[in-house]
Amino acid sequence: MLKRRFQVSAALLTACVAVSAQQTTTLKDAYRGIFHVGAAINEQQIAGTDTLGTTIVAAQFDTISPENVLKWERVHPSPDTYNFAPADKYVEFGEKHHMFIVGHNLVWHSQVPNWVFQDDQGKPLTRDALLQRMHDHIFKVVGRYKGRIQSWDVVNEALNEDGTLRKSKWQQIIGDDFIEKAFEYAHQADPQAELTYNDYSLENEAKLKGALVLVARLKAHGIAITTVGIQGHDSLAHPTVEEEDTAIAAFAKLGVKVAISELDIDVLPRDPKLFSADVSLKVKQDPKLNPYANGLPDDVQQALSKRYADLFAVFLKHRAEMSRVTFWGVTDKDSWLNNWPVPGRTSYPLLFDRNGKPKPAFDAVIEQEKLAVKQ
Ligand code: XIL
């Protein structure tokens with residue numbers, strides 16, 4: 001009798017699991033045909049040692065970005081050394097799961113070694129020598145993955161908050177047209193690849209104006225830019241949905257697609273003056289700045305879900321202009337926001353919790369698509 005009852009309940013359990021697996025919509029299924037939904041993946045996920053993370057990525061997303069492995073310092077650490085092993089695995093992972101594969105990034109002022117800008121004696125390179133180095137790097141890296149990486153972040157973060165061009169070493173040595181050159185080389189290396197200008201705070205009025213001028217300039221010069229990446233390192237309040245809406249519409253008007261390329265929503269306290277995604281920001285540890293070390297209160301969890309729903313409503317409104325929405329990390333445990341701008345905090349910016357369980361914000365994102373269909 002006992003044995004029979006056990007058999008019945010085991011069968012019931014199997015059936016329930018099967019039904020709930022069928023009923024649980026994944027992000028990529030919910031948004032199929034609308035825009036790609038993806039995540040940046042880290043070294044452990046690429047190597048397959050974080051099996052939980054890898055399982056979530058394979059099940060939920062149809063586009064991936066490399067959090068670090070394709071940055072200059074990783075892939076090209078010294079003049080004659082290229083380290084392609086992790087990037088090769090990254091691309092193989094994306095191909096295995098039939099994903100839209102993003103390359104991040106080619107030309108940036110951060111995570112690029114000093115030698116790039118110096119000659120053998122440590123003196124600053126000339127414009128021509130730096131252009132040659134940029135050309136060789138782009139040809140080597142883009143060329144290796146030609147036809148396999150579908151979209152490249154060609155230039156990352158070339159603008160200041162006020163919309164002027166950042167005085168990076170690229171800009172100082174080459175001049176303002178380092179941007180045109182980077183796009184030209186990337187286009188020559190893989191004419192089929194989508195090419196993106198990527199930056200943060202593009203929803204802020206002054207920076208948006210500067211970015212629009214830049215994109216218009218590139219277009220006027222016949223540059224093959226296809227996409228603008230709005231990074232999307234957001235907070236509960238910033239940017240407003242109106243600002244998000246305005247920015248996407250303004251880029252679309254210039255004839256480029258918009259990617260939300262690095263989405264996360266920070267619920268931890270931050271000085272509003274420090275609201276950007278400038279990787280060089282460093283704020284001292286302070287327990288007051290880490291209020292949810294033992295768990296996220298329900299009201300904040302709800303506010304995060306609402307915020308995700310509101311942002312996705314804007315993305316859905318612009319579905320015709322959007323190429324993808326990529327989260328910057330898979331679970332809250334992975335997020336760079338645990339260590340930036342304050343080291344050692346417990347942050348909650350993504351759709352999956354530290355155990356890989358979908359959060360209420362996950363349901364809100366799925367639900368938002370259903371609402372958009374009904375409207
Ligand atoms: C971050 C990574 O997530 C960190 O692991 C790394 O230490 C620093 O860079 N804008 C970008 C991303 O374009 O490349 C940055 O990624 C986050 C801000």
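Reading the values: the criteria
Residues numbered from 1 in each chain as written. Predicted model: local features only at pLDDT ≥ 70, side-chain atom pairs only at ≥ 80, totals over all residues. Heavy atoms only, no water. Near = heavy atom within 4 Å. Polar contact = N/O pair within 3.5 Å; in protein donor to acceptor, adjacent residues only side chain to side chain. Areas by Shrake-Rupley, 256 points an atom, 1.4 Å probe, with all protein chains shown as cover. 1 Å grid on protein atoms, 1.4 Å probe; cavity = no way out; pocket = protein on both sides within 12 Å on 5 of 7 lines; lining within 4 Å. Sits in = over half its atoms within 2 Å of the grid points. Helix = DSSP H or I, 4+ residues; strand = E, 2+ residues; numbered from the N terminus. Expected span 1.5 Å × (residues − 1). Contact = heavy atoms within 4.5 Å. Buried < 20%, exposed > 50% of the residue type's maximum accessible area, 1.4 Å probe, protein only. Pairing = 2+ DSSP bridges. pLDDT = per-residue confidence, 0-100.

The next thing to look at is the site of the ligand. For the ligand, the set of nearby residues contains 14 residues, the closest of which are E67, K71, H104, E262 and W328. At 2.5 Å, a side-chain N or O of E67 approaches an oxygen atom of the ligand. Alone, the ligand offers 420 Å² of accessible surface; in the complex the protein occludes 82% of this. When atoms are counted within 2 Å of each cavity's grid points, the one that captures over half of the ligand is the largest pocket.

What follows is about helix α7 (residues 127–144). For α7, built from 18 residues, the straight-helix expectation of 26 Å at 1.5 Å per residue is met to within 8% by its first-to-last C-alpha distance of 26 Å. Looking at the buried residues of α7, the elements they touch are α5 (72–75), β3 (100–107), β4 (151–156), α8 (169–174) and α9 (178–189).

For the rest of this paragraph, the subject is the pairing of strand β2 (residues 63–66). Burial along β2 is two-sided: T63 and S65 facing one way and I64 and P66 facing the other are all buried. Alignment of strand β1 (residues 36–41) against β2, held across 4 bridges, turns out to be parallel. The residue of β2 that forms the bridge with I41 is P66. In this sheet, β3 lies alongside β2 in parallel orientation, the contact comprising 2 bridges. The residue of β3 that forms the bridge with T63 is F100.

Here the chain averages 94 in pLDDT, while 94% of its residues score no lower than 70. Scored below 50 in pLDDT, residues 1–22 shows 0 contacts in the model against residues more than four places distant or in partner chains.

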